[in-house]
Amino acid sequence: MRTSRTSRTTSRTTSRTAGTSVSPLWRRVSAVCAGLAATAALLAAGTTAARAADTPLRDLAAAKSKVVGTAVTGSKLTGGYGDIAGREFSSLTPGNAMKWGSVEPTQGNFNWAEADQIVAFAQAHDQQVRGHTLVWHNQNPNWLTNGSWTPAQLGGLLQNHINTEVGRYQGKIAAWDVVNEPFNEDGTYRPTLWYNGLGADYIASALTWARAADPAAKLYINDYNVEGVNAKSTALYNLVKSLKERGVPIDGVGLQAHLILGQVPSTLQQNIQRFADLGVDVAITELDIRMALPADTAKLAQQRADYKAVTAACVAVARCVNLTVWGFTDSDSWVDSTFPGYGAATPYDANYAPKPAYYGIAEALGGGTTTPPPTGACTASYGVGSQWNTGFTGNVTISCSGASLSSWKVSWTYAPGQRITQAWNATCSQSGAAVTCSNTSYNGTVPSGGSVTFGFNASWSGSNPVPTVTLG
Ligand code: G3I
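Since the structure is predicted, the reported quantities are computational estimates derived from the model, not experimental observations.

1. A look at the site of the ligand
Next, step 1: Near the ligand, the surroundings consist of 13 residues, among which Asn96, Lys99, His132, Glu286 and Trp326 are the closest.
Next, step 2: Between His132 and the ligand, the recorded distance is 2.7 Å, taken from a side-chain N or O atom to an oxygen atom.
Next, step 3: Residue Glu181 places a side-chain N or O atom 3.0 Å away from a nitrogen atom belonging to the ligand.
Next, step 4: Expressed as a share of its isolated accessible area of 780 Å², the protein-covered part of the ligand is 44%.
Next, step 5: Partitioning the shell around the ligand into residue classes produces three nonpolar, seven polar and three charged.

So this is what it looks like as structure tokens:
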């Protein structure tokens, strides 16, 4: 697309040079919108070469005695996605494949295909697997949630589920998120199928059954909004303390860390430390940091700082053993569909290019502080097509290279007498001298290496200067 635009410009310039009487003016001004995504990565050979010089996160983490992981979708573990998952991470967590609803959709009929695939990939790439998750209130099969069970039946079903799943992968799972999200925000127990049917000791029972099924696997309780010191994390702390006092097997706590830009809890390291001091490991299990879209340079820089801060807090505490991101690419994140208007939450953009956040993790793991984030950019360029004594047609092309957009807005300031009268392939408005144009429903996406053009009719008097266009 960039090539075709250039040749169009060239051909117009040639016609003007040839002296046609109504010379179209193809004067273009580019406005760089830097960092709307990160990247050096045009998924082309040059990208791979550019990144080969970076020490993979897993090697940086190993030098700090840490494991760095990502949640994955089994069906995607090929091509560029598979390359990054295998190269950068030393731990994989199945994002959905090991949940009860995935592995036993109808009672007694099991589907292990995706879970098996992820475990096999991990073994082939010398990676750990975090099993996720055995006891949860979400993503359970309908036959289970719609059933009517006595406490004894419910306990039997749970024990059987844990035996079956943990037993199947015995020796292949480094750690299990045995119990997921047991608490309400105020630190009381969440009233789930399990709590309501079996009482709070469903947690101790599940841990005990998991230990029996795979004595070598580390057993975790995992929750969200427990990253800082607060009522919920204190309830988790008190639970772990009491489980240890009772001799119930508990090896670690998982702090999910689904965070919002600029809101890394100031007590994160202190909180990790207090769990470590209880005698359990800590893992950051589901890290992502979402932002209001569209991303821009400042937000991506803040996200880099936030990822660095979370990673540094883990690095600072010896018993923080694993830092896992909940999907490494913006194309494989739960955030966008769950929080409309938010996204860009992971360390790689949707084209698998590392974002500044990636370098924030790397830096906290001891990677070079001077590693420049690759500079991708989207630009907007303004052109004048034909011009006559009172009017002209114009157009703006938005092009991306090593970056991408899911929506766009361009603005510029006109000189006296210049006014847009009609636009196509964009929604434009003019207030005084200020013009703003944004994408329509069908052309907001500009991929790396792609471009979008819109056109307009306008009037002019006096002079018709080319304005400076701002994208963003
Ligand atoms: O697989 C089906 C597909 O066949 C169907 O067409 C489609 C239609 O909606 O749904 C697909 O299932 C979706 C599944 O993800 C796989 O993509 C479910 O609807 C969707 O609800 C499910 O979301 C998962 C979510 O847990 C469920 O609560 C996310 O992928 C997963 O990332 C997310 O992970 C959780 C952790 O397990 C626990 N901590 C919070 C975290 C984020 O919610």
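2. Points about the packing of helix H10 (residues 202-213) against helix H11 (residues 231-246)
Each packed pair of helices is defined by two parameters, the angle between the axes and the distance between the axes.
Next, step 1: Where H10 contacts H11, the two axes come as close as 11 Å, and the packing angle between them is 55 degrees. What the angle tells us is that H10 and H11 run oblique. H10 and H11 meet at a crossing whose hand is right-handed. Residues Ile203, Ala204 and Leu207 of H10 touch H11, and the partners they reach there are Leu239, Leu243 and Arg246.

3. Considerations on the side chain of Asn443
Next, step 1: Relative to the helices and strands, Asn443 resides in the loop between strand E17 (434-438) and strand E18 (451-459).
Next, step 2: Since its relative accessible area comes to 8%, Asn443 is described here as buried.
Next, step 3: Of the polar contacts made by the side chain of Asn443, one reaches the backbone oxygen of Asn425; its length is 2.8 Å.
Next, step 4: Setting aside residues no more than four positions away along its own chain, Asn443 makes contact with Trp408, Asn425 and Val452.

4. Remarks on the pairing of strand E4 (residues 128-135)
A regular strand places its side chains on the two faces of the sheet in alternate fashion.
Next, step 1: The buried fraction of E4 amounts to seven of the eight residues, a majority that puts the element mostly inside the structure.
Next, step 2: Looking at chain direction, strand E3 (residues 91-94) and E4 are connected through two bridges and run parallel. If you follow Leu92 over to E4, its bridge partner there is Val129.
Next, step 3: Here four bridges tie E4 to strand E5 (residues 175-180), and the two strands are oriented parallel to one another. When the sheet's bridge partners are listed, Gly131 is paired in E5 with Trp176.

5. Considerations on the nonpolar core
Next, step 1: Ile284 and Leu287 are the most contacted members of the largest nonpolar core, which has 92 residues in total.
Next, step 2: The element best represented in this core is H10, accounting for eight residues.
Next, step 3: Not counting the four nearest positions on each side in its chain, Ile284 is found in contact with Leu255, Gln256, Ala257, Ile272, Val310, Cys314, Cys320, Asn322, Leu323 and Thr324.
Next, step 4: Within the second largest apolar cluster, 26 residues are counted, among which are Ala403, Val452, Phe454 and Phe456.

6. What to know about the pattern of salt bridges
Next, step 1: Within this structure, the stated rule accounts for 13 salt bridges.
Next, step 2: Among the ionic pairs, Arg246 bridges to Asp201, the shortest N-O distance being 3.0 Å. Here Arg246, found in helix H11, pairs with Asp201, found in the loop between helix H9 (193-198) and H10; they are 45 residues apart in sequence, far enough to count as distant.
Next, step 3: Where Glu363 meets Arg304, a salt bridge forms, and the shortest distance between an N and an O atom there is 2.7 Å. With Glu363 in helix H15 (residues 356-364) and Arg304 in helix H13 (residues 297-315), the pair connects residues that are 59 residues apart, well separated along the chain.
Next, step 4: For Arg304, a relative accessible area of 16% corresponds to the buried category.

7. Some thoughts on the packing of helix H8 (residues 151-168) against H10
Next, step 1: H10 packs onto H8 with a crossing angle of 35 degrees between their chain directions and a minimal axis gap of 9 Å. In this structure, the crossing between H8 and H10 has a hand that is right-handed. Side by side, H8 and H10 meet where Gly155, Leu158, Gln159, Ile162, Asn163, Val166 and Gly167 of the first sit next to Ala206, Trp209, Ala210 and Ala213 of the second.

8. A word on the packing of aromatic side chains
Next, step 1: Applying the stated criterion across every chain, the model contains 24 aromatic pairs.
Next, step 2: Summarising the aromatic geometry, the rings of Trp334 and Phe339 are spaced 5.4 Å apart at their centres and angled 70 degrees between planes, so their arrangement reads as edge-to-face.
Next, step 3: By relative accessible area, Trp334 is classed as partly exposed at 30%.
Next, step 4: Between Tyr382 and Tyr414, the ring centres sit 6.4 Å apart and the planes meet at 80 degrees, which makes this aromatic pair edge-to-face. Linking Tyr382 in strand E12 (residues 377-387) with Tyr414 in the loop between strand E14 (409-413) and strand E15 (419-424), this pair joins segments that are 32 residues apart in sequence.
Next, step 5: Judged by its relative accessible area of 0%, Tyr382 falls in the buried class.
Next, step 6: Through successive ring pairs, a cluster of aromatic residues spans Tyr81, Phe89, Phe328, Tyr348, Tyr352, Tyr358 and Tyr359.
Next, step 7: Sitting above the plane of the Tyr224 ring, Lys232 keeps its charged end 3.7 Å from the centroid.

About the thresholds
- Residues numbered from 1 in each chain as written.
- Predicted model: local features only at pLDDT ≥ 70, side-chain atom pairs only at ≥ 80, totals over all residues.
- Heavy atoms only, no water.
- Near = heavy atom within 4 Å.
- Polar contact = N/O pair within 3.5 Å; in protein donor to acceptor, adjacent residues only side chain to side chain.
- Areas by Shrake-Rupley, 256 points an atom, 1.4 Å probe, with all protein chains shown as cover.
- Nonpolar A, V, L, I, M, F, W, Y, C, P; charged D, E, K, R; others polar.
- Axes fitted to C-alpha atoms, helices over the stretch in contact; angles between N-to-C directions.
- Helix = DSSP H or I, 4+ residues; strand = E, 2+ residues; numbered from the N terminus.
- Parallel < 35°, antiparallel > 145°, perpendicular 65-115°, else oblique.
- Left-handed = near helix turned anticlockwise from the far one by under 90°.
- Contact = heavy atoms within 4.5 Å.
- Buried < 20%, exposed > 50% of the residue type's maximum accessible area, 1.4 Å probe, protein only.
- Pairing = 2+ DSSP bridges.
- Core = buried A, V, L, I, M, F, W, Y, C linked by side-chain atoms within 4.5 Å.
- Salt bridge = Lys/Arg side-chain N within 4 Å of Asp/Glu carboxyl O.
- Phe/Tyr/Trp six-rings, centres within 6.5 Å; stacked < 30°, edge-to-face > 60°.
- Lys NZ or Arg CZ within 6 Å of the ring centre and 35° of its normal.

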